[in-house]
Amino acid sequence: QMKAVEAAAKAEYDGIKRLYEREAASKFELSSSEIELESAKLDSELARRNLEASRVVSPICGQLDSVDAVAGEALDATSELTTVYRLDPIHVRVEVPQERVVEVEQGGTAEVVIDSFPHDTFHGTVISISPQVDPDTRFLSVVVEVPNSDQRIKAGMSGFASFRHACTALIFPA
């Protein structure tokens with residue numbers, strides 16, 4: 001759009017310049033047209049720089065969810081535009097009953113079965129154990145990292161996990 005404004009200002013300037021050369025336009029008209037052309041060039045350059053500065057880059061590789069912003073919407077640095085899901089490896093959140101906390105250890109292995117794939121077992125590693133039990137549910141959040149190169153496991157799927165000590169818990173991939 002700014003390029004079109006700049007092109008129109010250039011055409012206007014060229015026309016007035018030809019008239020000035022034939023003494024059909026005043027020096028004031030030529031100067032005014034030249035100022036309008038320079039102003040349009042500056043506006044175009046500013047718009048180009050603003051466009052470059054508004055580029056949004058995700059800090060992680062992944063798949064985008066729906067985009068929540070629309071063209072022309074004013075945004076600030078804290079505006080949420082979309083959600084990026086990293087599916088490989090996928091982090092599976094497992095809720096472990098407090099009675100079975102002793103069976104889960106950082107770096108331990110887990111076998112995950114997703115409800116959508118009941119005949120497949122996915123193997124993962126415990127990468128995080130919450131330091132606090134949820135006081136309402138009496139469950140502890142554990143995160144298991146599962147390789148997912150074929151991206152069969154999607155965010156939000158549910159299933160079960162078994163740990164080395166045969167603990168079974170309900171899970172929700174994050």
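Up top you'll find the structure we're talking about.
Overview of the structure. (Residues numbered from 1 in each chain as written. Predicted model: local features only at pLDDT ≥ 70, side-chain atom pairs only at ≥ 80, totals over all residues. Heavy atoms only, no water.)

**Concerning empty space enclosed by the protein**
Considering all chains together, one arrives at one cavity of 30 Å³ or more under this definition. Empty space within the largest cavity amounts to approximately 40 Å³. If you trace the largest cavity, you find it lined by Glu 103, Val 104, Glu 105, Gly 108, Thr 109, Val 126, Phe 163 and Arg 164. Partitioning the lining of the largest cavity into residue classes produces three nonpolar, two polar and three charged. (1 Å grid on protein atoms, 1.4 Å probe; cavity = no way out; pocket = protein on both sides within 12 Å on 5 of 7 lines; lining within 4 Å. Points joined across faces, edges and corners; volume = space filled by probe spheres on them. Nonpolar A, V, L, I, M, F, W, Y, C, P; charged D, E, K, R; others polar.)

**Digging into the pattern of salt bridges**
On inspection of all chains with the given rule, the structure shows six salt bridges. With a shortest N-O distance of 3.0 Å, Glu 95 and Arg 93 are connected by a salt bridge. In this structure, Arg 152 and Asp 120 form a salt bridge, with 2.5 Å as the shortest nitrogen-oxygen distance. On the criterion of sequence distance, the pair formed by Arg 152 in the loop between strand 6 (139–146) and strand 7 (159–163) and Asp 120 in the loop between strand 4 (109–114) and strand 5 (122–129) is long-range, its members being 32 residues apart. In this structure Asp 120 comes out as partly exposed when scored by relative accessible area, which is 29%. Put simply, Glu 45, Arg 48 and Arg 49 are held in one network by salt bridges that share partners. (Salt bridge = Lys/Arg side-chain N within 4 Å of Asp/Glu carboxyl O. Helix = DSSP H or I, 4+ residues; strand = E, 2+ residues; numbered from the N terminus. Buried < 20%, exposed > 50% of the residue type's maximum accessible area, 1.4 Å probe, protein only.)

**Concerning unusual backbone geometry**
Of note, the bond from Asp 88 into Pro 89 is cis; its omega dihedral lies within 30 degrees of zero at -5°. One can find Pro 89 in the loop between strand 2 (84–85) and strand 3 (90–97). Positive phi, close to 65°, is recorded for Glu 23, a residue that is not glycine. For Glu 23, the location among the structural elements is in the loop between helix 1 (2–21) and helix 2 (27–53). What makes Glu 23 exposed here is its relative accessible area of 74%. The backbone of Gln 151 sits at a positive phi, close to 55°, despite the residue not being glycine.

**Notes on the packing of aromatic side chains**
All chains considered together, the criterion is met by one aromatic pair. Taking the ring centre of Phe 117 as reference, the NZ or CZ of Arg 152 above it sits at 4.2 Å. (Phe/Tyr/Trp six-rings, centres within 6.5 Å; stacked < 30°, edge-to-face > 60°. Lys NZ or Arg CZ within 6 Å of the ring centre and 35° of its normal.)

**Some points on the pairing of strand 4**
Along strand 4, the buried face is formed by Ala 110, Val 112 and Ile 114; none of Thr 109, Glu 111 and Val 113, which line the opposite face, is buried. As paired elements, strand 4 and strand 5 share four bridges and run antiparallel to each other. If you follow Thr 109 over to strand 5, its bridge partner there is Thr 125. In this sheet, strand 7 lies alongside strand 4 in antiparallel orientation, the contact comprising five bridges. Paired with Val 112 across the strands is Ala 161, a residue of strand 7. (Pairing = 2+ DSSP bridges.)

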